[in-house]
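Observations on the model geometry
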Amino acid sequence: DNGAGGNVEDPAGTKGCGAKVYSRDIPKLNGEDQARFPCPKCGAALLAFQQLGQFGAVAVETGG
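Quick summary incoming for the structure in this document. Each chain has its residues counted from 1, following the order in which its sequence is written. Under the rules for a predicted model, residues below a pLDDT of 70 receive no local features and side-chain atom pairs below 80 are neither given nor counted, while totals for whole chains, interfaces and linings still include all residues. Excluded from the side-chain calculations are hydrogens and water; all other atoms, namely the structure's heavy atoms, are used.

Most of the time, phi is negative for any residue but glycine, and the peptide bond is trans. Backbone geometry places N30, a non-glycine residue, at a positive phi of 55°. As for its position among the elements, N30 is in the loop between β1 (28-29) and β2 (32-33). Throughout, exposure labels follow a simple rule: accessible area from a 1.4 Å probe, protein chains only, divided by the maximum for the residue type, with under 20% read as buried, over 50% as exposed, and the rest as partly exposed. For N30, a relative accessible area of 76% corresponds to the exposed category. Secondary structure is summarised from DSSP: a helix means a run of H or I of at least four residues, a strand means a run of E of at least two, and numbering begins at the N terminus for each.

One covalent bond between the sulfur atoms of two cysteine residues makes up a disulfide. By definition, disulfides here are pairs of cysteine sulfur atoms that lie within 2.5 Å. Under the defined criterion, the tally for this structure stands at zero disulfides. Summary of cysteine pairing: C17 is not part of a disulfide, and the nearest cysteine sulfur, belonging to C42, is at 3.7 Å. Note on C17: relative accessible area 33%, which makes it partly exposed. The thiol sulfur of C39 is not disulfide-bonded, and the nearest other cysteine sulfur, from C17, lies at 3.8 Å. Note on C39: relative accessible area 7%, which makes it buried.

Bringing the layout of surface pockets into the picture now. Definitions used throughout: a 1 Å grid over protein atoms alone; a cavity as a set of points that fits a 1.4 Å probe which cannot get out; a pocket as an open set with protein on both sides within 12 Å along at least five of seven lines; a lining residue as one with an atom within 4 Å of a point. Grid points are joined across faces, edges and corners, and a volume is the space filled by probe spheres set on the points. Approximately 1,100 Å³ is the volume attributed to the largest pocket. If you trace the largest pocket, you find 32 residues lining it, with V21, F37, A45, L46 and L47 closest to the centre. Secondary structure elements with two or more residues in the lining of the largest pocket: β3 (36-38) and β4 (45-47). Ranked by residues supplied to the lining of the largest pocket, first place goes to β4 with three residues. Per-class residue counts for the lining of the largest pocket are 15 nonpolar, 10 polar and seven charged. Only Asp, Glu, Lys and Arg are considered charged, only Ala, Val, Leu, Ile, Met, Phe, Trp, Tyr, Cys and Pro nonpolar, and every remaining residue, Gly among them, polar.

Written out as structure tokens, the structure reads:
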């Protein structure tokens, strides 16, 4: 955070600390999860998104 609502890239090119942040760790604002929040470990600006890549189709059984 540059203090004026914008972001500044790390001069060393670091992309973050590698900490995993789960939905339960996202701070709430007025009872709702924030879309943008600071990393609890290093303070980097993070964007929340759903990762649904591990869900697959459900097998359907037919009664017979």
